[in-house]
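Tertiary structure, described
Residues per chain, in single letters:
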Amino acid sequence: MRIHFNDEPMQCADSLTLANLLEHLRLLKPGVALAVNQIIVPRELWEAQELHDGDQILLFQAIAGG
Amino acid sequence: MNDTDFMRYSRQLLLEDVAFEGQKKLLASRVLIVGLGGLGSPAALYLAAAGVGTLILADDDNVHISNLQRQILFTSQDIGQPKSQAAQRHLKQLNPGIELQVISDRLHGEALNQAVSNVSLVLDCSDNMATRQAINAACVTHNKPLISASAVGFGGQLMVLTPPWEHGCYRCVWPDENEPERNCRTAGVLGPVVGVMGTLQALEAIKVLTGIIPASGSLRLFDARQHSWRALSMQKSARCPVCGGTDAHPL
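Since we're looking at a predicted model, the values are computed, not measured.

Brief notes about the overall build of chain A
When helices and strands are counted, chain A shows 1 helix and 5 strands. Going from N to C terminus, chain A has its helices and strands arranged as β-β-α-β-β-β. Here the C-alpha atoms of chain A give a radius of gyration of 12 Å, agreeing with the 11 Å that 2.2 N^0.38 yields for 66 residues. Across its three principal directions, the C-alpha atoms of chain A cover 40 × 20 × 20 Å. In chain A, the proportion of contacts linking residues at least 24 apart, taken out of those at least 6 apart, comes to 61%.

A word on the overall build of chain B
Within chain B, the regular secondary structure consists of 10 helices and 8 strands. Scored against the burial criterion, the 251 residues of chain B give a buried share of 49%. Across chain B, every contact between residues at least 6 apart in sequence was considered, and the portion connecting residues at least 24 apart equals 68%.

A short note on helix α5 (residues 83–94) of chain B
Owing to its 3.6 residues per turn, the α-helix brings residues three or four apart onto one side. All names here are of chain B. Counted at 1.5 Å a residue, the expected span for α5 with its 12 residues is 16 Å, and the 16 Å between its end C-alpha atoms agrees. Every buried residue belonging to α5 is among K83, S84, A86, A87, Q88 and L91, and all of these are buried. Where α5 is buried, its residues touch α4 (40–50), β2 (54–58) and β3 (99–103).

Considering the environment of F154 of chain B
All names here are of chain B. Structurally, F154 can be placed in the loop between β5 (146–152) and β6 (155–161). F154 sits 34 residues away from G188 along the chain, and the two C-alpha atoms are 8.9 Å apart. In this view, F154 contacts L190, V193, D223, A224 and R225; residues no more than four positions away in its chain are not counted.

Details of the nonpolar core
I33, A44 and L55 of chain B are the most contacted members of the largest nonpolar core, which totals 88 residues. If one sorts the elements of this core by residue count, helix α10 (residues 191–210) of chain B sits on top with 11 residues.

Re the interface of chain B and chain A
Every contact between the two is made by 37 residues of chain B and, on the other side, 17 residues of chain A. Of all elements in the fold, only α7 (129–142), β5, β6, α8 (170–173), β7 (218–223) and β8 (228–233) of chain B reach the threshold of two or more residues within the side of chain B that touches chain A. Here the element with the most residues in the side of chain B that touches chain A is β5 of chain B; it accounts for 4 residues. Per-class residue counts for the side of chain B that touches chain A are 19 nonpolar, 13 polar and 5 charged.

Some points on the environment of V18 of chain B
Residues and elements named next belong to chain B. Within the secondary structure, V18 sits in the loop between α2 (10–13) and α3 (19–27). Owing to 22 C-beta atoms within 10 Å, V18 belongs among the buried residues under this scheme. C-alpha of V18 to C-alpha of A58: the two residues are 40 residues apart in sequence and 27 Å apart in space. Once you skip the residues sitting within four places of it in the chain, V18 turns out to touch Q12, L13, Q23 and T210.

A word on the environment of L25 of chain A
By secondary structure assignment, the location of L25 of chain A is in the loop between α1 (18–24) and β3 (32–36). Distance in space between the C-alpha atoms of L25 of chain A and S15 of chain A is 16 Å, their sequence separation being 10 residues.

What to know about α3 of chain B
Residue and element names in this part refer to chain B. For α3, every residue scored as buried is listed here: G22, Q23 and L26. Angular distribution of buried residues about the axis of α3 spans 100°; they occupy a single face of the element. Opposite the buried face of α3, by more than 90 degrees, sit the exposed residues F20 and E21. Close packing links the buried residues of α3 with α2, α4 and α10.

Cut-offs and rules
- Residues numbered from 1 in each chain as written.
- Chains lettered and ligands numbered in written order.
- Predicted model: local features only at pLDDT ≥ 70, side-chain atom pairs only at ≥ 80, totals over all residues.
- Helix = DSSP H or I, 4+ residues; strand = E, 2+ residues; numbered from the N terminus.
- Rg over C-alpha atoms; globule rule 2.2 N^0.38 Å.
- Contact = placed C-beta atoms within 7 Å.
- Buried ≥ 20, exposed ≤ 12 C-beta atoms within 10 Å, placed from the backbone.
- Expected span 1.5 Å × (residues − 1).
- Core = buried A, V, L, I, M, F, W, Y, C linked by C-beta atoms within 7 Å.
- Nonpolar A, V, L, I, M, F, W, Y, C, P; charged D, E, K, R; others polar.
- Arc of directions from axis to C-beta.

Structure representation (structure tokens):
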């Protein structure tokens, strides 16, 4: 299955959850948020929500400065 | 409104969406600005200029020379002085017709609750996660609109959070209390980047206060290198301890 991760095309296994993907990429850490197809997915859904072919995943960090 | 007010606010009175009714709403509004740094500077200047009737200016810091590259509310003469008082002085010169209150202590706990409870809306212009989480919780408790922005490096984030929190609150997006490693002190920031974000906070505040539909329900990400924006829809977290999802455990 092909997805886009932070605007880059990426090949990944079928029936992968969001948490699986981030673990695989070693990016599952505090202070990050995740959007799938421009919709932010609350943290408690990362374990359950599966990726679909063509999904656009955006992972980004909290900014607190000002 | 007197004749001077009509002249002072004439360019926004001309707008159908603001007009006399909107200006009256602005003049009757009370806005709490937490943090008078790179975000709070332009936000406070624009809101004072627009005639928000009462601004409550909260910051416990003094002006440092390293602030002046981006904190356009202050001048070299203000170095060493409390930001809240320097801000009050400059804003008074800009618009003597509004009330300017200062809070020179760090806002937390009961003082924060008290401050939030009697305003029309809150601008989060602070510089740390602990304060951001506390402001969000206070705004949800008191049902006050919150316009939250932040910036570091070439990036900015903006959220307009309004009751009844259908799209969730700040904590639904950022459930962690940890401080991000990168901040303006460690990673740097360009003045105009934080200026854009603070300016947009003032814009959204004017919209909320005058009844123009604000850009709520989404997190806006600003990439200053590409000069691009992303709008990401927010969703209420079922486990949010602040805005009360069904599975929430209260804090």
